[in-house]
Amino acid sequence: MKFFLLLLATGFCWAQYDPHTKYGRTSIVHLFEWRWADIALECERYLAPKGFGGVQISPPNENVVIHDPSRPWWERYQPVSYKLCTRSGNEEEFKDMVTRCNNVGVHIYVDAVINHMSGSGVAAGTSSTCGSYFNPGNRDFPAVPYSGWDFNDGKCKTASGEIESYNDPYQVRDCRLVGLLDLALEKDYVRSTIAAYMNHLIDIGVAGFRIDASKHMWPGDMKAVLDKLHNLNTNWFSAGSKPFIYQEVIDLGGEAITSSEYFGNGRVTEFKYGAKLGTVLRKWNGEKMSYLQNWGEGWGFMPSDRALVFVDNHDNQRGHGAGGASILTFWDSRLYKMGVGFMLAHPYGFTRVMSSYRWPRSFQNGNDVNDWVGPPNNNGVIKEVTINADTTCGNDWVCEHRWRQIRNMVAFRNVANGQPFANWWDNGSNQVAFGRGNKGFIVFNNDDWELSETLQTGLPGGTYCDVISGDKSGNSCTGIKISVSSDGKAHFSISNSAEDPFIAIHADSKL
Ligand code: QV4
Ligand code: CA
């Protein structure tokens, strides 16, 4: 018994840090604003066969319907109730999605918006995705139910009732984030109500949660909620599995609140990752890829086993949240593929791939005045995700996760799972290479001249297909072929004007 207690005390119950993806699947994809019916199809036809571990979905609970501007994506971050009823689908469609995805080994991670309800300025009425009445003016959300007692108004000390300084941890937690009515998570009623919502989802079969706006909740209050959560559904998860928790905390340094305050609850989003990687690949501020040799904790990031990493997310791909102009997105596709490829090849953190929709970006004075535009829709009804003959998506869904270079690097990460970072090489500028034990090797040329080098790959001798320029197809390669000699060395030539100036090979791409 003592031994078990010791294990418990030393954090053995690591389970909430464990994504619970099926063995050998090491990434999740954020299918931002997708409908549940389309996610179920994508799990079966694409994500399972291509080795994705899971899907982060948009908030599944009832939200405000906003008409000015017309149906912005961010209306889903203004809850009205915890009914599973949104533009993505109803409870029946949600259950069908979770069951079908779990049945093919692709797990579901829910974006849980539990810090707040709607904006304080929203008009009272039934303008909500399930028709529930609510009245922000007097804090009345009868479909939960929440009333005035359940909000932090009395606790917030600022004149406006909103967060006015991010240097005061009390304001950041107890006041309204951009006017969003702030729930009183110190109250057991609120904690129990939120836990009941999350347990409903757990019992349906979800594997974990992205906790939205975690910086705006006290870690202890969040722990009180998390301690009320059920273990995962044993139809798909081993008994005693705890839900995977990753908390959205934007910490680029310099604020009163730091990511480490949240490590006791689960993993935390590492926003420094995407911000720095974008700066390096854009070669801003004298940054070079050769500086990436100590990427990870060496760059001041949180411990790898606490980090949820990504190149961009739904906020900073459109100028919300953090990272600024350095963030790489699908709009910068050539550098973006290099960034996602680097992330998926490198052992640091648990990786999330972004999958977006196209919107009519329109910059005025450096700001995208259309940053609010919601998902592709017909009069407010989200469009289905159509699949083209070339496997890309139609209807303005970008489907980055289906880009060959990205899909194949998700597989690379699976093959290299558990293998150490090895065989680093660089030219002192922007040509770098590294391997993952004896399972994988990747080479980048981000300089303005040719890369032509013979490098130690660490791989067994043989002929390998480059999974960036093509695929292994039967006994041949549709793209570049790399010959590794018996001593593990191979010659790489990468033109700086190549469509994708990087090459990746791994054990499963060997002929
Ligand atoms: C406006 C005024 C307020 C006023 C209020 C009155 O700005 O001063 O009091 O009206 O109601 C939308 C509008 C915003 C509006 C607000 C409330 O953009 O102008 O306030 O609604 O009506 C998303 C969007 C926000 C959006 C919000 C709610 O990014 O623009 O606000 O949804 O619809 C910080 C946090 C971090 C957060 C990040 C964006 O630390 O946690 O900001 N990221 C998460 C989500 C993000 C979401 C929220 C948090 C809120 O990733 O998508 O914000 O749930 O860094
Ligand atoms: Ca709060």
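Look a little higher up for the structure.
Rules and cut-offs
Residues numbered from 1 in each chain as written. Chains lettered and ligands numbered in written order. Predicted model: local features only at pLDDT ≥ 70, side-chain atom pairs only at ≥ 80, totals over all residues. Heavy atoms only, no water. Axes fitted to C-alpha atoms, helices over the stretch in contact; angles between N-to-C directions. Helix = DSSP H or I, 4+ residues; strand = E, 2+ residues; numbered from the N terminus. Parallel < 35°, antiparallel > 145°, perpendicular 65-115°, else oblique. Contact = heavy atoms within 4.5 Å. Nonpolar A, V, L, I, M, F, W, Y, C, P; charged D, E, K, R; others polar. Expected span 1.5 Å × (residues − 1). Pairing = 2+ DSSP bridges. Donors = N, O, S within 2.8 Å, 3.2 Å for Na, K, Ca; no water. Buried < 20%, exposed > 50% of the residue type's maximum accessible area, 1.4 Å probe, protein only. Phe/Tyr/Trp six-rings, centres within 6.5 Å; stacked < 30°, edge-to-face > 60°. Lys NZ or Arg CZ within 6 Å of the ring centre and 35° of its normal.

> Would you mind going over the packing of helix H2 (residues 36-47) against helix H3 (residues 91-103) in detail, with residue names and values included?
Helix-helix packing: each pair is described by the crossing angle between the helix axes and the interaxial distance. Running from N to C, H2 and H3 cross one another at 10°; their axes reach a closest spacing of 8 Å. Relative to H3, the element H2 is oriented roughly parallel. Along its contact with H2, which presents Trp36, Ile39, Ala40, Leu41, Cys43 and Glu44, the element H3 presents Glu93, Phe94, Met97, Arg100 and Cys101. Taken together, the residues of the contact of H2 with H3 sort by class into 8 nonpolar, no polar and 3 charged.

> Which residues make up helix H5 (residues 188-204), and what values do they have?
Along its 17 residues, H5 runs 24 Å from first to last C-alpha, staying within 8% of the 24 Å computed at 1.5 Å per residue. Here the buried face of H5 lies against strand E3 (61-63), strand E4 (79-84), H3, strand E5 (107-112), strand E8 (208-211) and helix H6 (219-226). Count one or two residues on from H5 and you reach Gly205, which has phi positive near 130°.

> Residue-level account of the packing of helix H8 (residues 333-345) against helix H9 (residues 404-415), with values.
Direction vectors running N to C along H8 and H9 enclose 10°, while the axes themselves pass 8 Å from each other. Comparing the axis directions of H8 and H9 gives the class roughly parallel. Contacts from Tyr336, Lys337, Val340, Gly341, Met343, Leu344 and Ala345 of H8 reach H9 at Gln405, Ile406, Met409, Val410, Phe412 and Arg413.

> Lay out the sheet that holds strand E18 (residues 431-436) with the relevant residues and their values.
If you trace the 4 strands from one edge of the open sheet to the other, you get E17-E18-E19-E26, paired in antiparallel fashion. Only two strands of the sheet have a single partner each, and these edge strands are strand E17 (421-426) and strand E26 (502-506). Here the strands of the sheet are splayed against their neighbours by 10° on average, with no regard to which way each runs. Summarising the sheet, E17 and E18 pair through 4 bridges and their orientation is antiparallel. Paired with Ala422 across the two strands is Gly435, which belongs to E18. Across the sheet, H8 is in contact with E18, strand E19 (440-445) and E26; its angle to E19 comes to roughly 150°.

> Can you tell me about the sheet that holds strand E2 (residues 54-57), naming the residues and giving the values?
Around the barrel, 8 strands lie side by side as E1-E2-E5-E8-E9-E10-E11-E12; this closed barrel has parallel pairing. Direction aside, neighbouring strands of the sheet carry axes that sit 30° apart on average. Sheet analysis places strand E10 (residues 267-269) next to strand E11 (residues 307-309), joined by 2 bridges and oriented parallel. The partner of Thr269 across the bridge, within E11, is Leu308. Lying on the sheet, H5 is in contact with E5 and E8; it crosses E8 at an angle near 140°. Sitting on the sheet, H8 is in contact with strand E1 (27-31), E11 and strand E12 (350-355), with an inclination near 155° to E12.

> Before we move on, can you summarise the coordination of the calcium ion (ligand 2) with the specific residues and values?
At this site the calcium ion (ligand 2) is bound by Asn115 (OD1), Arg173 (O), Asp182 (OD), Asp182 (OD) and His216 (O), with donor distances of 2.3 to 2.5 Å. In the primary sequence, the donor residues of the calcium ion (ligand 2) line up as N-x57-R-x8-D-x33-H. With relative accessibility at 2%, the residue Arg173 sits in the buried group. On the accessibility criterion, Asp182 (3% relative accessible area) is buried.

> Outline the packing of aromatic side chains, listing residues and values.
Inspection of the entire model under this criterion finds 37 aromatic pairs. On the numbers, 5.7 Å between centres and 80° between planes, the contact of Trp36 with Phe94 is edge-to-face. Taken together, the residues Trp36 in helix H2 and Phe94 in helix H3 connect sequence positions 58 residues apart. Through pairs of rings, three or more aromatic residues link up here, namely Tyr273, Trp295, Trp299, Phe301, Phe342, Tyr348, Phe421, Trp424, Phe434, Phe444 and Phe502. It is Arg306 that lies over the ring of Tyr17; its NZ or CZ is 3.6 Å from the centre. The ring of Trp359 carries the charged tip of Arg318 above its face, separated from the ring centre by 4.2 Å.

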